[in-house]
Each structure stands twice: as structure tokens, then as C-alpha cells.
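Each chain, written out:
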Amino acid sequence: MYVIIYLLPYLISFGISFGVGVFAWRRRSVPGAASLAVVSWSMAFWTLGFVFELFSISLEGKNFWDSIQYLFMVTWLWGFFSFAGKFTQRPLLFPRFAWPALIVFPLLVLGFIFTNKYHGLFKQNIQLASGEPFSRITYDLASIAWVFFAFFCIFYLRAFIELIIRLLTRHQLYRAQ
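From a predicted model like this one, the values you see are computed outputs, not experimental measurements.

## Re the side chain of threonine 47
Among the secondary structure elements, threonine 47 is positioned in helix H2 (residues 33–55). Here threonine 47 is in contact with Tyr10, Ser13 and Phe14, once residues within four sequence places are set aside.

Okay, here's the thing in C-alpha cells:
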């Protein structure tokens, strides 16, 4: 029973994120709303993947759910980048370069993640560490993982900066509301 206490914040987070996704999807005619729904649902299922990872007992199970979380990290990035572009109504970076890079590179990385047990190019030294109330998975990140996280941060920051610029350059009347 006490395990539920540890999971409650994650389950509440899942419910809120999923609900925001449903709310945004119902208003998908608004610029950026459909992308916001993708962002929210990605966060919801990313969180749910973490809950399943916590419940997994074996190293293989925890590693599987940890890998699934990267899938939702990628869909979150796609949704956030799309949201920033549609909400600001300005193309981000170089659209002819950005979207192919944003699709192809993360898909290649996901391929490395899901086949990691054959080559160890993403996660290394994967171990199961005991703990209460849940055991946890620990591993070292290989160079491909660090390149992916740098890529992730560059695209995230670019989209975030575009949103900040829009916030700061909007007409004063809109900002006062």
C-alpha cells in the first residue's frame, strides 16, 4: 500500500498531462493546439513509462521501459518544435534543414537505443541497483547519447527562444491580458 504513495505524484502528473492533451486536441483549430496536444501526451506517456519502469523487477524489464521513455522524449521534441513554429507563426531555423534533421537523427538514435544490447553504443555498464521501495537501473551514457542530448538541447532551446521572443515582442495590450 505504501508504494502507491510514491507513485501518486507520477500518476497525478500523467492525468494532468493527458487531460491537457485532450483539452488542446479539442481546440486543434487554434494555431499550435494540435502540437501542444502531442507535447502533453508525450509527457503523459513518458511519465507512464517511468511508472512501468519502477514496477519492473528485472533488469531487462527496466531497460525496456527506460528505452520506451526515449521514444516519448523524441515525440515530445517533435511536438514542442512544431508547437513553437505554429504558435509564433514563424518558421524555426531553416525549415528545409531542420525538419529532416529533426526526424532522421532522432530515429537513428532510437534505432541505437532499441538495439543497444547488441552493440552498447548508447548505454553502457547497465546494472540494477537495489533500493526501497523500487530498484533502479543505472548505466553510463556512450558518446552517441551525449550527441543526441546536445542535439535535443539545441532544438529545444531554439524553439524556446522563439517563444520568448514572441512573448517579449507582442503588443503591450496582449501582454497585459
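Anyway, onward from the coordinates.
## Structural notes on the side chain of arginine 166
For arginine 166, the location among the structural elements is in helix H6 (residues 143–169). Salt bridges are absent for the buried arginine 166, whose nearest opposite-charge side chain, glutamate 162, sits at 8.5 Å. Beyond its immediate stretch of four places on either side in the chain, arginine 166 contacts Phe87 and Thr88.

## Things to note about the confidence of the model for the chain
Confidence in the prediction of the chain, expressed as mean pLDDT, is 91, and 94% of residues score 70 or more. For the chain, helix H7 (residues 172–176) is the element with the lowest average pLDDT, namely 57, and H2 is the one with the highest, namely 97.

## With respect to the pattern of salt bridges
Counting across every chain of the model gives two salt bridges. A salt bridge links aspartate 66 to lysine 123, with the nearest nitrogen and oxygen atoms 2.8 Å apart. Of this pair, aspartate 66 sits in helix H3 (residues 59–88) while lysine 123 sits in strand E1 (residues 123–129), and the two are 57 residues apart along the sequence. Exposure remark for aspartate 66: the relative accessible area of 9% places this residue in the buried category. Lysine 123 gets classed as buried once you look at its relative accessible area, which sits at 2%. Between glutamate 162 and arginine 158 there is a salt bridge, with the nearest N and O atoms lying 2.9 Å from each other. Of this pair, glutamate 162 and arginine 158 both sit in helix H6, four residues apart, which is roughly one turn of that helix.

What counts as what
Residues numbered from 1 in each chain as written. Predicted model: local features only at pLDDT ≥ 70, side-chain atom pairs only at ≥ 80, totals over all residues. Heavy atoms only, no water. Helix = DSSP H or I, 4+ residues; strand = E, 2+ residues; numbered from the N terminus. Contact = heavy atoms within 4.5 Å. Buried < 20%, exposed > 50% of the residue type's maximum accessible area, 1.4 Å probe, protein only. Lys, Arg positive; Asp, Glu negative; His and termini not counted. Salt bridge = Lys/Arg side-chain N within 4 Å of Asp/Glu carboxyl O. pLDDT = per-residue confidence, 0-100.

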